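Summary of the model geometry
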Amino acid sequence: ADTYSTRNESFRLRLLEEVEKEIAVVLQCAGNIVLELSKDKHNASLLDRQLVQFQTSINRVESELSAQIRYLTQVATGQPHEGSTYSTRKDCQMSLNRAEYAKVKLGELGRTCEAMLEQQQI
């Protein structure tokens, strides 16, 4: 059971590292889009590619964060009581809060970029 638990934890950490990399892609795409929109003459093809990459990455991040939240919720509520679990529950709740906050902020960033693109196309 310990080996499985350790492997599962390592797997979950790798997934979170991938989410972190994907967030970096989101921020890079958003920066590229804003930079391109700040130019007098836009490269529509570049904007389209960056927007597709941005949306794809946002969807991956949202999906994986949702999966992590579901997993943490299950782990936090599905384990038998083995003494005080306050610290573990608190850590879990804080992780859920941070994941939800990241999800909200990434959604706001996505809407802002889409609004800027729509304004530029008018």
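Conventions we followed
Residues numbered from 1 in each chain as written. Predicted model: local features only at pLDDT ≥ 70, side-chain atom pairs only at ≥ 80, totals over all residues. Heavy atoms only, no water. UniProt positions renumbered as here; feature names shortened; annotations may be inferred. Helix = DSSP H or I, 4+ residues; strand = E, 2+ residues; numbered from the N terminus. Buried < 20%, exposed > 50% of the residue type's maximum accessible area, 1.4 Å probe, protein only. Contact = heavy atoms within 4.5 Å. Areas by Shrake-Rupley, 256 points an atom, 1.4 Å probe, with all protein chains shown as cover. Salt bridge = Lys/Arg side-chain N within 4 Å of Asp/Glu carboxyl O. Phe/Tyr/Trp six-rings, centres within 6.5 Å; stacked < 30°, edge-to-face > 60°. Lys NZ or Arg CZ within 6 Å of the ring centre and 35° of its normal. Lys, Arg positive; Asp, Glu negative; His and termini not counted. Core = buried A, V, L, I, M, F, W, Y, C linked by side-chain atoms within 4.5 Å. Domains from an automatic or database assignment. pLDDT = per-residue confidence, 0-100. Disulfide = S-S within 2.5 Å.

The name given to the protein in an unreviewed UniProt entry is Mediator of RNA polymerase II transcription subunit 11, with Fundulus heteroclitus as the source organism. UniProt, in the comment section headed Subunit (unreviewed entry), describes the protein in these words: "Component of the Mediator complex."

Attention now goes to the overall build of the protein. Counting its regular elements, the protein contains three helices and zero strands. Ordering the α and β elements of the protein from the N terminus gives α-α-α. Residues classed as buried in the protein amount to 24% of the 122 residues present. For the protein, the share of sequence-separated contacts (at least 6 apart) that also reach a separation of at least 24 residues comes to 74%. As displayed, the protein offers around 8700 Å² of accessible surface, 53% of which is attributable to carbon and sulfur atoms.

The next subject is the pattern of salt bridges. Inspection of the entire model under this criterion finds four salt bridges. R60 is paired through a salt bridge with E22; the nearest N and O atoms lie 3.2 Å apart. Here R60, found in helix α2 (residues 44-78), pairs with E22, found in helix α1 (residues 2-37); they are 38 residues apart in sequence, far enough to count as distant. Its relative accessible area of 47% is what places R60 among the partly exposed residues.

The next subject is the packing of aromatic side chains. The way to describe two aromatic rings as a pair is by their centre distance and the angle between their planes. Inspection of every chain in the model, using the stated rule, returns zero aromatic pairs. Across the ring face of Y71, the terminal group of R12 is positioned such that the distance to the ring centre comes to 3.6 Å.

Below, the discussion takes up the side chain of E64. Locating E64 in the fold gives a position in helix α2. An unpaired buried charge is present at E64: no salt bridge exists, and R12, the closest side chain of opposite charge, is 4.9 Å distant. Residues within four places of E64 in sequence aside, it is in contact with L15 and V19.

In terms of nonpolar packing, the biggest core is built from 18 residues, with I33, F54 and L117 touching the most fellow members. Only α1, α2 and α3 (86-121) provide two or more residues apiece to this core. Summarising the domain contributions, this core has at least three residues from each of domain 1 (1-79) and domain 2 (83-121). Setting aside its immediate chain neighbours within four residues, L117 contacts I33, L37, L47 and L51.

When pLDDT is averaged along the protein, the result is 83, and 89% of the positions lie at 70 or above. Averaged over each element, pLDDT in the protein is lowest for α3 (84) and highest for α2 (87).

The next subject is the environment of R60. Spatially, the C-alpha atom of R60 lies 9.3 Å from that of I23, the residues being 37 residues apart in sequence. Not counting chain neighbours up to four residues away, the residues in contact with R60 comprise E22 and Q53.

Moving on to the state of the cysteines. As enumerated under the stated definition, the model contains zero disulfides in all. Here C29 is not cross-linked by a disulfide; its sulfur's nearest cysteine counterpart is in C113, at 9.2 Å.

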